[in-house]
Amino acid sequence: MTVLFNNYGRRPVHLVKGQGTEVWDDTGKRYLDFTSGIAVLTLGHANPLLVKALQQQSEKLWHVSNLFASPEQEKLGASLVKDTHLAHALFCNSGAEANEAAIKLARKHSGKHHIITFEKSFHGRTYATMAATGQDKVKQGFGPLVDKFTTIPFNDVAALKQAADDTVGAIMLEVIQGEGGVNVATEEFIAAINEVSKEHGILVIVDEVQTGIARTGKRYAFEYTALKPDIVSLAKGLGGGFPIGAILAKAEMYDTLGPGSHGTTFGGNPLAVAVAQTVIDTVFTETFLQSVAELSAYAKQQITEKLSQFTVVGEGLLLGLVCPNGDAAAYVAKAEQQGLLVVQAGPGVIRLVPPLTVTKEEIDEAIAILQTL
Ligand SMILES: *Cc1c(COP(=O)(O)O)cnc(C)c1O
C-alpha cells in the first residue's frame, strides 16, 4: 500500500530525465519513449524551444485571471483556427475539460441534450465525458450517469441512421479512436455522419484530444475526412507536455457562450499559452507536417517488412500494431525490459506514439527491439 490511490496500475519504473525521444530511469537505464506521455510530448522531452518559451514567460507573468484581456490567448486561438472553417477558441486545462466544454456548448447551442457517441471511444473521466465514453469499464460504480448519451457501434452506418433523429443535438466522435484500439473511421461512415447531421440538424463534435496538433500528419485528423466539425476539442499534444486544452468552434456559436456562462480559473494560463504557441508555430508548417508523413510512411513500411506478425493501423505517428494473440500487455512489458516504452490501445493493440521529432534511426531501433519479442 502507498499513500497514492491505486487508480493507475503504475509500472515500477521511475523516470527521472528525458531528451528528445530518450528517457532515463533512476538506475541510469535508457529507454526509447514511444509513449510520449500518451501522445503529449509533441516535440519530445526537454525540447530547447519549449524550455526557452517557458523560462522566458516564467520571468514575466505566471498567471493572470480571465477577468483581463489576453492578446496571447487571442494569438494562440488565431493560430489554431487559421485556414480552417473554425472561428473561435476557448482554453482550459485537459482533454476531459475540453470535451466537457464541447458538450455544454453543443447542448446550449442546439437546445437538445441527446448526444450520439460510439463504442470503444474515450472522451475523459468527468461525469459528462465518462458518460460519453463508449467503454463500460470506466463507468462501473459511478452511476447514475449524465443523461443522455446513446452509444452505438463505430463505423456502423445502419446503426447510425437508426439512432439519428430530431431529438439528437450532437454526434461526438474521434476520427481515429486512440485509447480504443487505433480504429480509423471509414469514408462511408463519415459520409453517413454528414448525411444525418444535415438531415436532422445535428451538430458534429470531433474529439481531437489525441489526434490533433499534427499527430496524424495533418494539423487535425478531421482534415483527412469530409467532416467540417462544428466543435473540435484539443489537449494532449497542444502543450507539448505543459497542461492545456481547448475547444475550437464555428462562427455561429460565438454568442452561445456569453459572459459568465462557462470558464475556468487556469484556462489559458500564460505559461501554458506561451509553450503551446511555440508548439503550434513549430508544427503547423508544411515542412513539419511533411516530415511527420514521411516518418509515418517509413515506420509503416519497416513494420510491414520486419514485423509481419502484426498488422499496422493508424495515421501519422499514431500507429497501432494489432497483436496476433490479442494480448498487447505481454508485449508492452517485454518491450520495456528491452528499453522501449510503448502503450496499449484496447486489449489487443500496441500503440506507437513517439514524439513527432523522432528520427528514422530511433524508429529502426524500436523496430529492432520489437523484432526480439
Ligand atoms: C486522453 C483523451 C481524453 C482525456 O484527456 P485528459 O487530459 O486525460 O482528460 C479525451 N479524449 C481523447 C480522445 C483522449 O485521447
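Each value, and the rule that gives it
Residues numbered from 1 in each chain as written. Predicted model: local features only at pLDDT ≥ 70, side-chain atom pairs only at ≥ 80, totals over all residues. Heavy atoms only, no water. Helix = DSSP H or I, 4+ residues; strand = E, 2+ residues; numbered from the N terminus. Rg over C-alpha atoms; globule rule 2.2 N^0.38 Å. Buried < 20%, exposed > 50% of the residue type's maximum accessible area, 1.4 Å probe, protein only. Contact = heavy atoms within 4.5 Å. Areas by Shrake-Rupley, 256 points an atom, 1.4 Å probe, with all protein chains shown as cover. Lys, Arg positive; Asp, Glu negative; His and termini not counted. Charge placed at Lys NZ, Arg CZ, Asp CG, Glu CD. Near = heavy atom within 4 Å. Polar contact = N/O pair within 3.5 Å; in protein donor to acceptor, adjacent residues only side chain to side chain. Nonpolar A, V, L, I, M, F, W, Y, C, P; charged D, E, K, R; others polar. Pairing = 2+ DSSP bridges. Axes fitted to C-alpha atoms, helices over the stretch in contact; angles between N-to-C directions. Salt bridge = Lys/Arg side-chain N within 4 Å of Asp/Glu carboxyl O. Core = buried A, V, L, I, M, F, W, Y, C linked by side-chain atoms within 4.5 Å. Domains from an automatic or database assignment. Buried area = accessible area lost by both parts, 1.4 Å probe.

(A) Geometry of the overall build of the protein. When you go through the protein residue by residue, the secondary structure sums to 11 helices and 17 strands. Whereas a compact globule of 373 residues would reach a radius of gyration of roughly 21 Å, the protein reaches 20 Å, a difference of no more than 12%. Here the protein holds 373 residues, and the buried ones make up 52% of them. Restricting the contact set of the protein to residue pairs at least 6 apart, pairs at least 24 apart contribute 71%. Accessible surface, the protein as shown: approximately 17100 Å² in total, 54% of it carbon and sulfur. Charged side chains in the protein number 31 positive and 39 negative. The centres of these two groups are separated by 2 Å.

(B) Just the site of the ligand, in detail. Around the ligand, the structure places 13 residues, and the nearest of them are Gly95, Ala96, Asp207, Gln210 and Lys236. Contact distances for the ligand include 3.1 Å between a nitrogen atom and a backbone N or O atom of phenylalanine 122. In this structure, lysine 236 approaches the ligand through a side-chain N or O atom, which is 2.6 Å from an oxygen atom. Contact with the protein chains covers 81% of the free accessible surface of the ligand, which is 380 Å². When residues of the shell around the ligand are assigned to their parent elements, the largest contribution, three residues, is made by helix H4 (residues 95-110). Partitioned by chemical class, the residues of the shell around the ligand number three nonpolar, six polar and four charged.

(C) Region of the structure containing the sheet that holds strand E10 (residues 203-207). Pairing is mixed across the open sheet formed by seven strands, whose spatial order is E4-E12-E11-E10-E7-E5-E6. On the outer flanks of this sheet lie strand E4 (88-92) and strand E6 (149-152), each paired with one strand and no other. In this sheet, neighbouring strand axes are inclined to one another by 20 degrees on average, regardless of whether the strands run parallel or antiparallel. Examined bridge by bridge, E10 and strand E11 (residues 231-234) share three bridges and lie parallel to one another. Its bridge partner lying in E11, valine 206 is registered against valine 232. Lying on the sheet, helix H3 (residues 71-81) is in contact with E4, E11 and strand E12 (245-249); it crosses E4 at an angle near 120 degrees. Lying on the sheet, helix H7 (residues 187-200) is in contact with strand E5 (114-118), strand E7 (168-173) and E10; it crosses E7 at an angle near 160 degrees.

(D) Examining the pattern of salt bridges more closely. Summed over the entire model, instances satisfying the criterion amount to nine salt bridges. When the shortest N-O distance is used, the salt bridge between arginine 219 and glutamate 223 registers 2.6 Å. Judged by its relative accessible area of 14%, arginine 219 is buried. Residue lysine 250 pairs with aspartate 230 through a salt bridge whose shortest N-O separation is 3.2 Å. Of this pair, lysine 250 sits in the loop between E12 and helix H8 (270-283) while aspartate 230 is found in the loop between E10 and E11, placing the two residues 20 residues apart along the sequence. Of the two residues, lysine 250 and aspartate 230, neither departs from the other in class, the shared state being buried.

(E) Broad picture of unusual backbone geometry. Along the chain, glycine 143 connects to proline 144 via a cis peptide bond; the corresponding omega equals -5 degrees. A cis amide bond links aspartate 147 with the next residue in sequence, lysine 148, at an omega value of 5 degrees. As for its position among the elements, lysine 148 is in the loop between helix H5 (127-132) and E6. The backbone phi angle of isoleucine 38 is positive, close to 60 degrees, even though this residue is not glycine.

(F) View of the sheet that holds strand E16 (residues 343-345). In spatial order, the strands read E13-E14-E17-E16; together these four strands make up an open sheet with antiparallel pairing. In this open sheet, the two strands that pair with only one neighbour each are strand E13 (311-315) and E16. For this sheet the average axis-to-axis angle between neighbouring strands, irrespective of direction, equals 35 degrees. As paired elements, strand E14 (residues 318-322) and strand E17 (residues 349-352) share four bridges and run antiparallel to each other.

(G) View of the nonpolar core. Counting 78 residues, the largest nonpolar core has Leu80, Leu173 and Ile213 as its most contacted members. Here this core spans two domains, and each of domain 1 (15-47 + 285-371) and domain 2 (51-283) adds at least three residues to it. Excluding anything up to four places from it in sequence, isoleucine 213 contacts Thr42, Leu80, Arg219, Tyr220, Leu234, Gly237, Leu238, Val279, Ile280, Val283, Phe284 and Leu356. The next biggest cluster of nonpolar side chains, apart from the first, holds 20 residues, and it includes Ile103, Ile115, Ala128 and Leu203.

(H) How the structure looks around the pairing of strand E3 (residues 30-33). Pairing analysis gives three bridges linking strand E2 (residues 22-25) to E3, with the strands arranged antiparallel. Across the sheet, residue valine 23 finds its bridge partner in E3, namely tyrosine 31. Here two bridges tie E3 to strand E15 (residues 340-341), and the two strands are oriented parallel to one another. Counterpart to aspartate 33 in the pairing with E15 is leucine 341.

(I) Region of the structure containing the domain arrangement of the protein. Domain assignment breaks the protein into domain 1 (15-47 + 285-371) and domain 2 (51-283). In this assembly, 29 residues from domain 1 lie in contact with 26 residues from domain 2. For the pair domain 1 and domain 2, the summed buried surface comes to about 2200 Å²; carbon and sulfur atoms form 63% of the total. Taken as a group, Leu289, Glu315 and Leu318 account for 26% of the area that domain 1 buries against domain 2, more than any other trio of residues on that side. Across the contact surface, domain 1 and domain 2 share one salt bridge. Note that glutamate 179 is salt-bridged to arginine 351, the shortest N-O span being 3.1 Å. Only helix H1 (36-39), helix H9 (286-306), E13, E14 and E17 provide two or more residues apiece to the side of domain 1 that touches domain 2.

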